[in-house]
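Each chain is listed here by its residues.
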Amino acid sequence: MKLKLGIPKGSLQESTIKLFKKAGFNINVSERSYFPTVDDEEMECMLIRAQEMARYVEDGVLDCGLTGKDWILENNADVVEVADLIYSKTSLGKVKWVLAVPFASKIKSVKDLQGKRIATEAVNLTKKYLAKNKVTANVEFSWGATEVKPPKLADAIMEITETGSSLRNNNLKIIDVVLESNTKLIANKKTMKDPKKRKKIEILKMLLVGAIISEEKVGLKMNVSKKDLDKVIKVLPALKKPTVSGLVNDSYVAIDTIVDERAVRVLVPELKEAGASGIVEYPLNKIIP
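1. Focus: the overall build of the protein
Part 1 of the argument: A count of helical and extended segments in the protein gives eight helices and 16 strands.
Part 2 of the argument: Relative to the compact-globule value of 19 Å for 289 residues, the protein shows a C-alpha radius of gyration of 24 Å, a clear excess of over 25%.
Part 3 of the argument: Each principal axis of the C-alpha distribution contributes one length, and for the protein these read about 80 × 55 × 35 Å.
Part 4 of the argument: Residues classed as buried in the protein amount to 45% of the 289 residues present.
Part 5 of the argument: The long-range share in the protein, meaning contacts at least 24 apart out of those at least 6 apart in sequence, stands at 68%.
Part 6 of the argument: As presented, the protein carries roughly 15,900 Å² of accessible surface, and 51% of it is formed by carbon and sulfur atoms.
Part 7 of the argument: Counting 48 positive and 38 negative side-chain charges, the protein places the centres of these two groups 3 Å from one another.

Take a look at the structure:
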C-alpha cells in the first residue's frame, strides 16, 4: 500500500518540490492535475492547500503532508507532528502572524481593538488571540488581498509575513507579533501505528531534514602541516569533528569538515593565518542527521 503524501499547493509549492528534489525525490506537477508524479513507487502525491492539509491528514484522506504550525492550530487538528522543516517560500526562516494597522491609525495595541473590525485568513487564531487579551472585536474572513483592506474595509488585519515588506508597501505597521510558524511534516495517528508506513515517514523525515541542514552548510577541504594542525583545528567550528587524513608528504595532512556558509568569509583568513593552505569550498547535497 502506497504512502499518501500531501504537497502544499500555492506559495510553498515550488520551494517544497525543490526541497524534495534535494532530498532525492523528483516530483513533477502537470499544469491541470492535482496529482503530481513522484519517482518512488512507495508513494503517491496530492496537491492540497496548506490551509486544509492538517484536516485531511487528521481524517486519514492523506497519510502525511507538509503544512505550517499555524494551520494545524487554526484547524485544531489532532495529528502527529513528525518534524520541523524550517523553510518558507523565499527563505529558510520562520514566518510570523502579525497584527497590523495603517501608519496613521490611532490603534497602538490589541487593547485598542475593542469593537473594531479585523480582516484575516486565520479567523480561529485571531479569535483565540483576542480572547487571551480579553478583547471583543468583529473578526471577518479575508479571501485575499488582506493588506489593502484597512482603513476602509477593516480597522486592522492579522496577516502572515516573512519580511514585512508587503505590509510596509501598503502603508501598514506591525503593532504585535501574534505567532511564529514554520513548516512541519505531519502524519495521521493511525498511519503512524502501521510499521511499514511509519518507517517510510521516518526515512522521509531524515532525508528532508538533511536537505534543509545542508542549505546552510558547506564543506571545506585544506592541507595543513602537522606542526600547525592543533592551531587549525582550534579555528574550525566543525559540525562534529573534522576528518583528518594523511598525505603522500608525511609532514602534511588533509582536513575535511563542514561549516556554516555564512562563517566562511571569517574562517578562511583565520585558517590561512593558522597555517592552512589549498583551501577548497564545496557545496553539500544533503546531510544525514
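That was the structure; now back to the text.
2. Overview of the sheet that holds strand S4 (residues 43-49)
Part 1 of the argument: Read from one edge to the other, the open sheet built from five strands follows the order S4-S1-S5-S12-S6, with strand pairing classed as mixed. Whereas interior strands pair on both sides, the edge strands pair on one side only; in this sheet they are S4 and strand S6 (80-85). When the angles between neighbouring strand axes are averaged without regard to direction, this sheet yields 30°.
Part 2 of the argument: With two bridges joining them, strand S1 (residues 3-9) and strand S5 (residues 64-68) adopt parallel strand pairing. Paired with glycine 6 across the strands is glycine 65, a residue of S5.
Part 3 of the argument: Its contacts with the sheet place helix H1 (residues 13-22) against S1, S4 and S5, and it is angled at close to 135° to S1.
Part 4 of the argument: Most of the contacts of helix H2 (residues 50-59) go to S4, to which it runs at about 130°, and overall it touches S1, S4, S5 and strand S12 (183-187).

3. Details of the packing of aromatic side chains
Part 1 of the argument: Applying the stated criterion across every chain yields a total of three aromatic pairs.
Part 2 of the argument: Summarising the aromatic geometry, the rings of phenylalanine 20 and phenylalanine 25 are spaced 6.0 Å apart at their centres and angled 65° between planes, so their arrangement reads as edge-to-face.
Part 3 of the argument: Take phenylalanine 20: its relative accessible area is 0%, and that puts it in the buried class.
Part 4 of the argument: With centroids separated by 4.8 Å and ring planes inclined at 85°, the aromatic side chains of phenylalanine 141 and tryptophan 143 adopt a geometry described as edge-to-face.
Part 5 of the argument: Across from the ring centre of tyrosine 56, 4.9 Å away, lies the NZ or CZ of arginine 55, which sits over that ring.
Part 6 of the argument: Directly above the ring of tyrosine 282 sits lysine 221, whose terminal nitrogen or CZ lies 5.2 Å from the centroid.

4. Here we look at the sheet that holds strand S9 (residues 138-141)
Part 1 of the argument: Across the sheet, five strands lie side by side as S9-S8-S10-S7-S11; this open sheet has mixed pairing. The sheet terminates laterally at S9 and strand S11 (172-181), the two strands that pair on one side only. Neighbour-to-neighbour, the strand axes of this sheet turn through a mean angle of 25°, independent of strand direction.
Part 2 of the argument: Pairing of strand S7 (residues 95-102) with strand S10 (residues 156-161) involves five bridges; the strand directions are antiparallel. In the sheet register, lysine 96 faces S10, and the bridge partner there is threonine 161.
Part 3 of the argument: With respect to the sheet, helix H4 (residues 123-132) is in contact with S7, strand S8 (117-120), S9, S10 and S11, its orientation differing from that of S9 by roughly 165°.

5. Thoughts on the environment of methionine 53
Part 1 of the argument: With respect to the helices and strands, methionine 53 occurs in helix H2.
Part 2 of the argument: By relative accessible area, which is 0% here, methionine 53 ends up buried.
Part 3 of the argument: A C-alpha to C-alpha distance of 7.4 Å links methionine 53 and proline 8, two positions 45 residues apart in sequence.
Part 4 of the argument: Dropping the residues within four chain positions of it, methionine 53 is found in contact with Gly6, Ile7, Pro8, Ile48, Leu62, Gly65, Leu66 and Thr67.

6. Digging into the nonpolar core
Part 1 of the argument: Leu5, Phe20, Phe25, Leu85, Leu185 and Ile201 are the most contacted members of the largest nonpolar core, which has 30 residues in total.
Part 2 of the argument: Only S1, H1, S4, S5, S6, S12 and helix H6 (195-215) provide two or more residues apiece to this core.
Part 3 of the argument: Tallying contributions element by element places H6 first for this core, with seven residues.
Part 4 of the argument: If we ignore the near neighbours within four places in the chain, the residues touching leucine 185 are Cys64, Gly65, Leu66, Val80, Glu81, Val82, Ala83, Leu85, Ile201 and Lys205.
Part 5 of the argument: Of all hydrophobic cores here, the second largest spans 15 residues; its members include Leu229, Leu236, Leu271 and Ala274.

7. Considering the pairing of S12
Part 1 of the argument: Here S12 lies mainly inside the structure; five of its five residues are buried.
Part 2 of the argument: Here S12 shows a buried face lined by Thr183, Leu185 and Ala187 and a second buried face lined by Lys184 and Ile186.
Part 3 of the argument: Bridge count between S6 and S12: five bridges; the pairing is antiparallel. Within S12, the position partnered with aspartate 84 by the bridge is lysine 184.

Calculation rules
Residues numbered from 1 in each chain as written. Predicted model: local features only at pLDDT ≥ 70, side-chain atom pairs only at ≥ 80, totals over all residues. Heavy atoms only, no water. Helix = DSSP H or I, 4+ residues; strand = E, 2+ residues; numbered from the N terminus. Rg over C-alpha atoms; globule rule 2.2 N^0.38 Å. Buried < 20%, exposed > 50% of the residue type's maximum accessible area, 1.4 Å probe, protein only. Contact = heavy atoms within 4.5 Å. Areas by Shrake-Rupley, 256 points an atom, 1.4 Å probe, with all protein chains shown as cover. Lys, Arg positive; Asp, Glu negative; His and termini not counted. Charge placed at Lys NZ, Arg CZ, Asp CG, Glu CD. Pairing = 2+ DSSP bridges. Axes fitted to C-alpha atoms, helices over the stretch in contact; angles between N-to-C directions. Phe/Tyr/Trp six-rings, centres within 6.5 Å; stacked < 30°, edge-to-face > 60°. Lys NZ or Arg CZ within 6 Å of the ring centre and 35° of its normal. Core = buried A, V, L, I, M, F, W, Y, C linked by side-chain atoms within 4.5 Å.

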